[in-house]
Amino acid sequence: MMVKDSEKTSDISKGLVLLMATVCGFTVANVYLNQTLLVSTSASFHVSVASIGIIATLAQIGYALGNLLIVPLGDIFERKKMILFLLFAICIVLALNALSINKTWMMVTSLALGIVTVVPQIIVPLAANIASDHNRGKVLGNVAIGLVCGILGARLASGFIDVHFGWRMVYWTSAVATLFMILLVYVYFPRSKGENATSYKHLLMSLGPLFIKERALQQACVSQGMMFASFSAFWTTLVFLFHTTPYSYGSDMVGVIGLVGIAGAFATPVIGRLIDTKGARVASLLCMSVSLLAFIGLIRGGYWLPGLILGALFITVGTQANQVACQFTIFQLGEGKRSRLNGLYMVSTFLGGSLGSYVGLLAWSKWQWYGVCAISIMMIAISFCSLILMNIPKKTIGNFINKKGSNM
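All of the points below concern the structure found in this document. All values derive from a computational prediction rather than experimental measurement. (Residues numbered from 1 in each chain as written. Predicted model: local features only at pLDDT ≥ 70, side-chain atom pairs only at ≥ 80, totals over all residues. Heavy atoms only, no water.)

The next point concerns the overall build of the chain. For the chain, the count of helices and strands is 18 helices and 0 strands. Looking at the 408 residues of the chain, the share that counts as buried comes to 57%. (Helix = DSSP H or I, 4+ residues; strand = E, 2+ residues; numbered from the N terminus. Buried < 20%, exposed > 50% of the residue type's maximum accessible area, 1.4 Å probe, protein only.)

Across all of its chains, the model carries 4 salt bridges by this definition. Residue Arg-340 is joined to Asp-75 by a salt bridge in which the shortest nitrogen-to-oxygen separation is 2.9 Å. One end of the pair, Arg-340, is in helix H17 (residues 338-390); the other, Asp-75, is in the loop between helix H4 (54-69) and helix H5 (79-98), with 265 residues separating them in the sequence. Residue Asp-75 is classed as buried on the basis of its relative accessible area of 1%. Three or more residues are tied together by salt bridges with common partners; here these are Asp-75, Arg-79 and Arg-340. (Salt bridge = Lys/Arg side-chain N within 4 Å of Asp/Glu carboxyl O.)

Every α-helix winds through 3.6 residues per turn, so residues three or four apart in the chain are directed the same way. Look at H4: 22 Å from first C-alpha to last across 16 residues, which is about the 22 Å you get at 1.5 Å a residue. Taken as a whole, H4 has its buried residues at Ile-55, Ala-56, Thr-57, Leu-58, Ala-59, Gln-60, Gly-62, Tyr-63, Ala-64, Gly-66 and Asn-67. (Expected span 1.5 Å × (residues − 1).)

Moving on, we get to the packing of H5 against helix H9 (residues 167-188). At a minimum axis separation of 8 Å, H5 and H9 run at an interaxial angle of 165°. Here H5 is positioned roughly antiparallel relative to H9, judged by the angle of their axes. For the pair H5 and H9, the crossing hand works out as left-handed. The segment H5 lies against H9, with Lys-80, Ile-83, Leu-84, Leu-87, Phe-88, Ile-90, Cys-91, Leu-94, Ala-95, Asn-97 and Ala-98 engaging Trp-167, Arg-168, Tyr-171, Trp-172, Ser-174, Ala-175, Thr-178, Leu-179, Met-181, Ile-182, Val-185 and Tyr-186. Here the residues of the contact of H5 with H9 are counted per class, giving 18 nonpolar, 3 polar and 2 charged. (Axes fitted to C-alpha atoms, helices over the stretch in contact; angles between N-to-C directions. Parallel < 35°, antiparallel > 145°, perpendicular 65-115°, else oblique. Left-handed = near helix turned anticlockwise from the far one by under 90°. Contact = heavy atoms within 4.5 Å. Nonpolar A, V, L, I, M, F, W, Y, C, P; charged D, E, K, R; others polar.)

Attention now goes to the side chain of Asn-322. When you line up the elements, Asn-322 lands in helix H16 (residues 305-331). Owing to a relative accessible area of 0%, Asn-322 belongs among the buried residues under this scheme. A polar contact of 2.7 Å, which involves the side chain of Asn-322, links it to the side chain of Gln-224. Every residue in contact with Asn-322, bar those within four places of it in the chain, is listed here: Ser-223, Gln-224, Met-227, Ser-284, Cys-287, Met-288 and Tyr-345. (Polar contact = N/O pair within 3.5 Å; in protein donor to acceptor, adjacent residues only side chain to side chain.)

A word on the packing of aromatic side chains. For the structure on display, the rule yields 11 aromatic pairs. Taking the centre distance of 5.8 Å and the plane angle of 65° together, the rings of Phe-234 and Trp-369 count as edge-to-face. Taken together, the residues span a long stretch of sequence, with Phe-234 in helix H12 (residues 215-241) and Trp-369 in helix H17 at a distance of 135 residues. Residue class for Phe-234 comes out buried when judged on its relative accessible area of 0%. Under the relative-accessibility criterion, Trp-369 is labelled buried at 0%. Judged by centre distance (5.8 Å) and plane angle (50°), the ring pair of Tyr-303 and Tyr-370 falls under tilted. Of this pair, Tyr-303 sits in the loop between helix H15 (280-301) and H16 while Tyr-370 sits in helix H17; the two residues are 67 residues apart in sequence, bridging distant segments of the chain. Under the relative-accessibility criterion, Tyr-303 is labelled partly exposed at 27%. Grouping aromatic residues by their ring pairs yields a cluster made of Tyr-32, Phe-228, Phe-231, Phe-234, Trp-235, Phe-295 and Trp-369. (Phe/Tyr/Trp six-rings, centres within 6.5 Å; stacked < 30°, edge-to-face > 60°.)

Before going further, it helps to spend a moment on the side chain of Asn-34. With respect to the helices, strands and loops of the structure, Asn-34 is situated in the loop between helix H1 (14-28) and helix H2 (38-45). Sequence-distant contacts of Asn-34, defined by excluding residues within four places in its chain, comprise Ile-55, Ala-56, Ala-59, Ser-110 and Tyr-171.

For the pair H12 and H15, interaxial distance at closest approach is 12 Å and the crossing angle is 30°. When the axes of H12 and H15 are compared, the pair comes out roughly parallel. Seen along the crossing, H12 lies across H15 with a hand that is left-handed. Residues Ser-223, Met-227, Ser-230 and Phe-234 of H12 form the contact with H15, whose participating residues are Cys-287, Met-288, Ser-291, Phe-295 and Leu-298. Within the contact of H12 with H15, the residues separate by chemical class into 6 nonpolar, 3 polar and no charged.

Right, let's talk about the environment of Ile-257 for a bit. Mapped onto the elements of the fold, Ile-257 is located in helix H13 (residues 252-265). For Ile-257, a relative accessible area of 1% puts it in the buried group. It is 9.5 Å that separates the C-alpha atoms of Ile-257 and Leu-238, two residues lying 19 residues apart in sequence. Not counting chain neighbours up to four residues away, the residues in contact with Ile-257 comprise Trp-235, Leu-238, Phe-242, Leu-305, Ile-309 and Ala-312.

Relative to the assigned elements, Val-119 resides in helix H7 (residues 119-130). Measuring from C-alpha to C-alpha, the distance between Val-119 and Phe-26 comes to 9.9 Å, with 93 residues separating the pair along the chain.

Membership of the largest hydrophobic core comes to 124 residues, with the highest contact counts inside it found for Met-20, Tyr-171, Phe-189, Phe-234, Leu-308 and Trp-369. Considering each element in turn, this core owes the most residues, 16 residues, to H17. (Core = buried A, V, L, I, M, F, W, Y, C linked by side-chain atoms within 4.5 Å.)

With that settled, consider unusual backbone geometry. Residues other than glycine seldom take positive phi values, yet His-46 does so here, at roughly 60°. Of note, His-46 is situated in the loop between H2 and helix H3 (49-52). Phi is positive for Gln-368, which is not a glycine, with a value near 60°. With respect to the helices, strands and loops of the structure, Gln-368 is situated in helix H17. On the accessibility criterion, Gln-368 (34% relative accessible area) is partly exposed.

Next up, the structure:
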């Protein structure tokens, strides 16, 4: 039986938080493995690099679909069983990725991999439910360390394995690691389930009204969707930047830069504590400002390695810490609907990510690195606007619209 926040007598243990962060990191990494493999897979399948970029986009679209169709089930089903089932599915799809014989095969398996790799978004609401009210921001921040390490560590590991053993070995290695995660989850994860006794059909039908009703959810979706879009545009095109002058590096160098981003992941608990004391809005404004300044600096600094490294650090800190702030906000809307709230939120986040990957590749093809930075700055500006509009009362907006209409 799930224990309500008001009835808890003890907080979540540090060991369980560490395990949750670890499982989140190893699973979310699967969505990003392909980003450093684009050059290698394009050569293997004899297609252009621009053409193979659809694989990265499909993986994130799949992740968004998984968040929409699978994650809400955490409000009605036992979460530990769901996590174990999805981990087994991940192993199978990773093997199919490794066996890909052409671009079409890999497009399908990349989409499928994104759909089943939603384990972290089942774990995060579980962690929020177990944590106490005064400690929830800190717990979410610590779990987010695993997410960031997984996202950026995927680039480091896949780049290294690709250079030395080939891109197929990247997927086989991840499959073996996932088998180990299955064992850890089976032994140590607590049993927990949602409180809603409803059908899957009614659960999905409740998503639309829930999104329309909650302004805080709408703001969080736009805010992190655009922040993650800029993040994806940066990391998706970085491999192409490294293949041009003045760098001329291999795909493994993207992973090295990713190490810097992993170091920045440890800022998320700091943001979590800031949220617990100052509020999520202050934290979001700080995160957006950090990312915006980073992209402004990268317009010129991107062609200078120390500047690029510093920019990667700040972009990672800003994006991932903003995710913690947004999740904290939506989890305050109710315990019994946290899986659905998180599912809707992550759908928008990864739709933003897929948009960022696509638009980033398009900007690179037309305007190179300057175009990538410009489009990323525009997306962060939209994120800023969402936060500002969220804090304008509905009545004020309505009066403004009516006044404009009467003047026409």
